[in-house]
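# Structural description and commentary
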Amino acid sequence: MEILDEIFVLKCIMAKLLCKGAFGGASSLQSFMLKKLLLPLANIPFTKRCSSNCIRSEVSNGVFRIEINNDKRKNALTWKMFEEIGNAFKEANQNPNVKITTFTGAGDYFTSGLDLANFAGVPSMSEEERVAFADENHLLIRYLFDAAIDHEKPLFVLANGPGIGLGTVILGLCDVAYATQRAFFLTPFVTIGLNPAGCSSLVFPQLLGNSRANRLMMLGERISAHEAKEFGLLTDVFEDEMFEKKCEEKIDHVLTKLNIEGMMKVKALSFDEKRKLLKERNRIECEMFRDSFLSEQFKHKIAKMFKK
């Protein structure tokens with residue numbers, strides 16, 4: 001467990017003790033400060049910030065492979081996994097032995113997106129708890145996408161199956177994207193009253209045009225892998241039984257036939273001017289997420305969802 005995780009768990013323990021009447025001998029000022037700092041954490045499970053073990057990363061032959069490994073939940077993303085993916089992007093970018101980065105999933109899904117179980121406790125949270133929840137978690141979303149935007153090395157998405165939410169919007173931030181033909185892509189943010197993420201509100205209209213972008217963002221429509229390629233979100237689509245072999249061949253070609261420094265120069269020339277604009281859009285989108293997390297409409301929507 002990371003040091004920050006240990007501190008977080010300790011705070012949660014102290015918060016729960018505070019709720020049970022511990023620290024009764026503290027002065028009024030001390031009690032006020034304890035409540036101000038710790039009560040928002042009282043109902044957060046101890047496991048919330050512990051290592052998920054659901055993001056695997058390894059370096060082999062110049063390739064930094066990032067894999068979502070939560071197959072039992074179709075590679076749904078916990079808040080901790082957002083942080084770990086962001087960390088992996090940063091680690092790959094800083095490692096001098098890494099030439100390219102790949103991002104994929106284990107099992108049948110690339111990712112089913114943000115795990116709605118992340119919101120299970122929202123309806124019963126106090127106002128203070130909801131503020132703490134929104135403050136922390138909108139920053140984790142921002143952290144992941146900032147790390148992707150700042151990634152200077154060639155970033156390959158290998159969509160081994162359906163990509164929902166993050167699994168769709170990351171296509172607008174990567175350099176090359178391959179998908180299996182059984183993959184589909186979907187951004188269902190509007191169904192729970194959330195705004196687009198991953199700079200898709202900026203990138204998708206530019207890349208797809210307004211009509212196609214709104215099919216994804218405003219109407220929440222599902223598109224096939226072949227449609228995603230036609231829209232310009234994918235580089236290529238491969239038959240399912242050939243997907244891994246074809247991806248290996250493409251990556252081997254990059255490593256043996258192409259000049260990585262040349263590829264990075266292409267990326268720098270085409271992407272560097274956009275980086276500041278993308279990071280600003282990411283900030284705006286994530287602050288809108290925070291506002292949504294705090295809205296009564298969102299609270300009632302989540303409560304209704306978990307009553308079903």
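Residues numbered from 1 in each chain as written. Predicted model: local features only at pLDDT ≥ 70, side-chain atom pairs only at ≥ 80, totals over all residues. Heavy atoms only, no water.

With that settled, the discussion passes to the overall build of the protein. Scanning the protein for helices and strands turns up 11 helices and 9 strands. Relative to its 308 residues, the protein shows a buried fraction of 48%. A fraction of 74% describes how many contacts in the protein between residues 6 or more apart in sequence connect residues 24 or more apart. When the accessible surface of the protein is summed, it comes to about 15300 Å², and 54% of that surface belongs to carbon and sulfur atoms. (Helix = DSSP H or I, 4+ residues; strand = E, 2+ residues; numbered from the N terminus. Buried < 20%, exposed > 50% of the residue type's maximum accessible area, 1.4 Å probe, protein only. Contact = heavy atoms within 4.5 Å. Areas by Shrake-Rupley, 256 points an atom, 1.4 Å probe, with all protein chains shown as cover.)

Counting residues in each nonpolar core, the largest one holds 68 residues, and the members touching the most others are Phe103, Phe185 and Phe293. Look past the residues within four positions of Phe293 in its chain and what remains in contact with it is Trp79, Phe119, Arg130, Phe133, Ala134, His138, Ile141, Leu194 and Phe298. Counting residues in hydrophobic clusters, the runner-up holds 12 residues, among them Ile100, Tyr178, Phe243 and Ile260. (Core = buried A, V, L, I, M, F, W, Y, C linked by side-chain atoms within 4.5 Å.)

The next subject is the pattern of salt bridges. Throughout the structure, instances matching the rule amount to 20 salt bridges. The salt bridge partner of Asp146 is Arg142, with a shortest N-O separation of 3.8 Å. You can see Asp146 and its partner Arg142 sitting in helix α4 (residues 127–149), 4 residues apart, about one turn around the helix. When its relative accessible area of 26% is taken as the criterion, Arg142 is described as partly exposed. In this structure, a network of salt bridges that share partners links the residues Arg56, Arg65 and Glu67. (Salt bridge = Lys/Arg side-chain N within 4 Å of Asp/Glu carboxyl O.)

In spatial order, the strands read β1-β2-β3-β4-β6-β9; together these 6 strands make up an open sheet with mixed pairing. Since the sheet does not close on itself, it has two edges, and those belong to β1 (55–60) and β9 (236–238), each with one partner. Each neighbouring strand pair of the sheet contributes to a mean axis angle of 20 degrees, computed without reference to strand direction. Where strand β4 (residues 155–159) lies against strand β6 (residues 176–180), 4 bridges are found, and the strand directions are parallel. Paired with Leu158 across the two strands is Tyr178, which belongs to β6. (Pairing = 2+ DSSP bridges. Axes fitted to C-alpha atoms, helices over the stretch in contact; angles between N-to-C directions.)

Within β4, 5 of the 5 residues are buried, which leaves the element mostly enclosed by the surrounding structure. Pairing between strand β3 (residues 100–105) and β4: 4 bridges, direction parallel. For Thr101, the partnering residue across the bridge sits in β4 and is Leu155. Following the backbone out of β3, through α4 and into the adjacent parallel β4, one traces a crossover that is right-handed. (Right-handed = clockwise from strand over helix to strand, strands pointing away.)

This brings us to the environment of Leu294. Among the secondary structure elements, Leu294 is positioned in helix α10 (residues 260–294). In this structure the C-alpha to C-alpha distance between Leu294 and Arg130, which are 164 residues apart in sequence, comes to 6.4 Å. When near neighbours in sequence (up to four residues on either side) are disregarded, Leu294 contacts Arg130, Val131 and Ala134.

A few words now on the packing of helix α6 (residues 200–208) against helix α7 (residues 210–217). In the contact formed by α6 and α7, the axes pass within 7 Å of each other and the chain directions differ by 140 degrees. Judged by the angle between their axes, α6 and α7 are oblique. As α6 runs across α7, the sense of the crossing is right-handed. For the pair α6 and α7, contact is made by Ser200, Ser201, Phe204, Pro205 and Leu208 and by Asn210, Arg212, Ala213, Leu216 and Met217, respectively. Residues that form the contact of α6 with α7 fall into these classes: 6 nonpolar, 3 polar and 1 charged. (Parallel < 35°, antiparallel > 145°, perpendicular 65-115°, else oblique. Left-handed = near helix turned anticlockwise from the far one by under 90°. Nonpolar A, V, L, I, M, F, W, Y, C, P; charged D, E, K, R; others polar.)

This part takes up the sheet that holds strand β8 (residues 223–224). Across the sheet, 3 strands lie side by side as β5-β7-β8; this open sheet has mixed pairing. Since the sheet does not close on itself, it has two edges, and those belong to β5 (163–164) and β8, each with one partner.

Under the criterion given, the structure shown has 16 aromatic pairs. Look at Phe133 and Phe293: their rings are 5.7 Å apart centre to centre, the planes differ by 65 degrees, and that puts the pair in the edge-to-face class. Of this pair, Phe133 sits in helix α4 while Phe293 sits in helix α10, and the two are 160 residues apart along the sequence. Pair check on accessibility: Phe133 and Phe293 agree, each one buried. For the ring pair Tyr178 and Phe238, a centre distance of 5.3 Å and an interplane angle of 40 degrees mean the geometry is tilted. With Tyr178 in strand β6 and Phe238 in strand β9, the pair connects residues that are 60 residues apart, well separated along the chain. Linked through ring pairs, Trp79, Phe82, Phe119, Phe133, Phe189, Phe289, Phe293 and Phe298 together constitute an aromatic cluster. If you follow Arg222 out to its NZ or CZ, it ends over the ring of Phe184, 3.7 Å from the centre. (Phe/Tyr/Trp six-rings, centres within 6.5 Å; stacked < 30°, edge-to-face > 60°. Lys NZ or Arg CZ within 6 Å of the ring centre and 35° of its normal.)

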